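Structural overview for review
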Amino acid sequence: MPQQPTADIGLIGLAVMGENLALNIADHGFKVAVYNRTTETMRQFIDKNPNTPGGLIACETIEQLVASIKRPRKFIILVKAGPAVDAVVKQLIDAGIATDDIVVDCGNSLWTDTIRREKEYADKCKFFGSGVSGGEVGARFGPSMMPGGDPDSWKHLKTIWEAVAAKVDAKTGTPIETAQPGKPVVGGVPCTAYLGPNGAGHYVKMIHNGIEYIDMQLICEAYFLMKNLLGMKAGELGDVFHQWNEGDLDSYLIQITADILKQPDPLHKGEFLVDYVLDTAGQKGTGKWTSVNALDMGIPANSIAEAVFARCLSALKDERIEASKHLVGPKSNFSGNKQELIAAVRDALYGSKICAYAQGFQLMREAQKEYKWKLNFSEIASIWRGGCIIRARFLQKITDAYTRNPNLVNLLLDPYFNEQIQKGQANWRKIVSLAAENGIAAPAFMSALAYYDGYRAARLPANLLQAQRDYFGAHTYERTDTPRGKFFHLDWPEPTRPQLNIG
Ligand code: 6PG
C-alpha cells in the first residue's frame, strides 16, 4: 500500500533562502516535504534539523515530493529566477501534478514571466507568484511576503503565508522582534496580503527592490558627504546613524549601516572594515528592471534609475582610478558647523527618501492601469512595515497616507509628507549645493531634488523642447492659449548661420 501523503507543502530549492523558509514553515507546525537537485544538500539539511515542530520529509526525487503532499498540493519553488523556474515546473508536470495543484514561485522573478507562466501552465497547474523579502534572517524568522495570482489558490496559501510572515504591532506598526528557532512570534499583524492576480506580487516585489536600491544609495551618499566634508571616521559616523535610527529615519537599512560603520577591521587593529571594502557594487537586476519599466511606462522614477547607474559607475573602478589622475574638480573644503551639517544631511536624506517612495508608488499606480490590477497602496505599505529590507518606521506614515486617501496621486501631496519636505527642504538644498561646490558625486540626493522641483513646477522648459521637435521634425505642439489636444505646426524659417567676419 502506498503511504498516505502527509505534508502540508513542498519546497524545492534548498539554497540558504529555501532552507530558512522551510524551517520557518515547519516552526509553525506545518509539515514540509523538501527536495533539492543535489540530494546530498537535502540530506545534510534534514540531518541538521531532526526536530522541527511541523516536521520535514526528505524527498530524493520529484516524484517522491509529489507523492508526499496532501491535495490540492502546494509547492514553493526557490530557485534562481529565469529558466530554472520553468525547468522545475516542467519536472513537476512530468511527475504528474494535478490541475488544481498550486506551484508558487517565491524567487525574484520578473513579473512578466509570472504572467506568462500562469497562462502557459494553466491547463497543468495553478502557477502563482510571491515576492519574498528579508534576506536569510527574514526567510527564517519572518519575511514580508507579496503574493499575487489566482485568488482561489490564495485561499489555500493564506494560512501558511500569514503564519510565516513577519508580524508588526497592530497599533504602532512596529515589527515584533523576533522569533527563535522553534518559537515563532505569537500575535501581531502579518506582513503579507493578497495583492492581485497574475504578476501583481512579483511586480510589487520588484518595486520594493527598486526602492531598496535608492534607499541604500541615499544612505551611502549621506555617509560619503559627512566623511568627506567633515573628515569623520567610520565609527563616529556609525554613531550618527545609530542616533538617526531613533527618529523618523528608523529603519532596517539605517540600523545595519550603523552596525557596518562601527565594525572593526579583522586585519587592521584600530581600523574599520568599511574602509577596506572595495568601492564597487554588484547587482542582480531587479533595480534595472524597475528602471526599464519606468522608462517603458514613461514614469519619472529618475532617482531609482540613478541608484542603478550609481552602481554601474562604481563598477568602473579601474577607469575611475585613471580618470581621477586627469579630471580636476574642487577639493572638499568645509569650515561650517559640524552638528548643523549633520542635521542638514539628515534632512536631505529624509526628503530624498520621500521622493524615492513617491516614485515607487507612482510606478505601481501606472502599472495597475496597464495590468488592470487593483493594488491597495495602504496595504502594500503596511506589509513592508516588517520583515523586508526596506522596513522602516516611515512605512506606517505611508500606510496612513493611503488610508486617508486611497486615490492619492503622489505621496508628495499627502499633508504629512508635504509638511516634512517643507521643514527639511532648505537643508536638503544646502546639501545638494555643498555636494556640487565640493565636487562630491551625490546623484541620488540631486536627482530626488530635481524630481521634487520638477514635479511641483507648473511650467517646465518643455515648451522650448517641443518647439525644437516641431522645428526639425514637424512633431507639432500644443499652445497655452488653445484647449489641450489641438496640435499646431509652424513652417519654421530655414536655419540661419551666423556670418563670421574673419580677417
Ligand atoms: C530582499 C532583497 C533580496 C536580494 C536582492 C539583492 O528583499 O530580500 O531585495 O531580494 O537581496 O535581490 O539585489 P541586488 O543583488 O540586485 O542588490
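For the structure itself, consult the block above.
Residues numbered from 1 in each chain as written. Predicted model: local features only at pLDDT ≥ 70, side-chain atom pairs only at ≥ 80, totals over all residues. Heavy atoms only, no water.

1. Side note on the overall build of the protein
Threshold: Counting from the N terminus, the helices are the DSSP runs of H or I reaching at least four residues and the strands are the DSSP runs of E reaching at least two. Radius of gyration: over C-alpha atoms. The globule rule applied is 2.2 Å multiplied by the number of residues raised to the 0.38 power. Each residue is placed in one exposure class: buried if its accessible area under a 1.4 Å probe, protein chains only, is under 20% of its type's maximum, exposed if it is over 50%, and partly exposed if it falls in between. Charged residues are defined narrowly, with Lys and Arg counted positive, Asp and Glu counted negative, and His plus the chain ends left uncounted. The atom standing in for a charge is NZ when the residue is Lys, CZ when it is Arg, CG when it is Asp and CD when it is Glu.
Assigned secondary structure in the protein consists of 19 helices and nine strands. A globule of 503 residues ought to have a C-alpha radius of gyration of about 23 Å, and the protein, at 26 Å, matches this closely. Along the first, second and third principal axes, the C-alpha set of the protein runs to 105 × 65 × 50 Å. Per-residue burial over the protein gives 49% buried out of 503 residues. Of note, the protein has its 55 positive side-chain charges centred 2 Å away from the centre of its 55 negative side-chain charges.

2. Comments concerning the site of the ligand
This is how it is decided: Put simply, a residue is near a molecule or strand once any heavy atom of it comes within 4 Å of that molecule or strand. For this analysis, a polar contact is any N or O atom pair within 3.5 Å, provided that within protein one partner can donate a hydrogen and the other can accept it, and provided that sequence-adjacent residues contribute only side-chain to side-chain pairs. Under the convention used here, a 1.4 Å probe and the Shrake-Rupley method define accessible areas, while residue burial counts only the protein chains that appear. Think of it as three bins: nonpolar holds Ala, Val, Leu, Ile, Met, Phe, Trp, Tyr, Cys and Pro, charged holds Asp, Glu, Lys and Arg, and polar takes everything else, Gly as well. How far each domain reaches was decided by an automatic or database domain assignment.
What surrounds the ligand is a group of 14 residues, the closest being Asn108, Ser133, Glu212, Tyr213 and Lys284. The separation between an oxygen atom of the ligand and a polar side-chain atom of Glu212 is 2.6 Å. In isolation the ligand has 420 Å² of accessible area, and contact with the protein removes 81% of it. Residue contributions to the shell around the ligand peak at five residues, all from helix α8 (residues 200–230). A breakdown of the residues in the shell around the ligand according to their chemical character gives two nonpolar, eight polar and four charged. Taken domain by domain, the makeup of the shell around the ligand includes at least three residues from each of domain 1 (9–198) and domain 2 (202–455).

3. Let's talk about empty space enclosed by the protein
Formally: Grid points spaced at 1 Å over the protein atoms alone were grouped into cavities, where a 1.4 Å probe fits but cannot get out, and pockets, open sets with protein on both sides within 12 Å along at least five of seven lines, with lining residues defined by an atom within 4 Å of a point. Grid points are joined across faces, edges and corners, and a volume is the space filled by probe spheres set on the points.
Applying the stated criterion to the full structure yields three cavities of 30 Å³ or more. Its volume calculated, the largest cavity comes out at about 40 Å³. In terms of lining residues, the largest cavity is bounded by Asn108, Ser109, His202, Lys205, Met206, Asn209, Thr286 and Trp289. Elements supplying a minimum of two residues to the lining of the largest cavity: α8 and α11 (286–297). Tallied by class, residues from the lining of the largest cavity come to two nonpolar, five polar and one charged.

4. Regarding the nonpolar core
Generally speaking, soluble globular proteins have nonpolar side chains that are buried together. Rules: What we call a nonpolar core is a set of buried Ala, Val, Leu, Ile, Met, Phe, Trp, Tyr and Cys residues that are connected through their side-chain atoms within 4.5 Å. For this analysis, residues touch if any pair of their heavy atoms sits within 4.5 Å.
One finds Trp244 and Trp384 to be the most contacted residues of the largest nonpolar core, which totals 94 residues. Apart from residues lying up to four places away in sequence, Trp384 is in contact with Ser144, Met146, Val204, Ile207, His208, Ile211, Phe361, Met364, Ile390, Arg391, Ala392 and Leu395. Counting residues in each nonpolar core, the second largest holds 31 residues, with Ala22, Val104, Cys106 and Ala163 among its members.

5. Structural notes on the sheet that holds strand β4 (residues 74–77)
Going by this rule: Strands are labelled as partners when DSSP assigns at least two bridges between them. Helix axes are fitted only over the stretch in contact, all axes being lines through C-alpha atoms; the angle between N-to-C directions runs from 0 to 180 degrees.
Spatial strand order, β3-β2-β1-β4-β5-β6-β7: seven strands in an open sheet with mixed pairing. Only two strands of the sheet have a single neighbouring strand rather than two, namely β3 (56–59) and β7 (144–148). Each strand axis lies, on average, 25° off the axis of its neighbour in the sheet, ignoring direction. Examined bridge by bridge, strand β2 (residues 32–35) and β3 share four bridges and lie parallel to one another.

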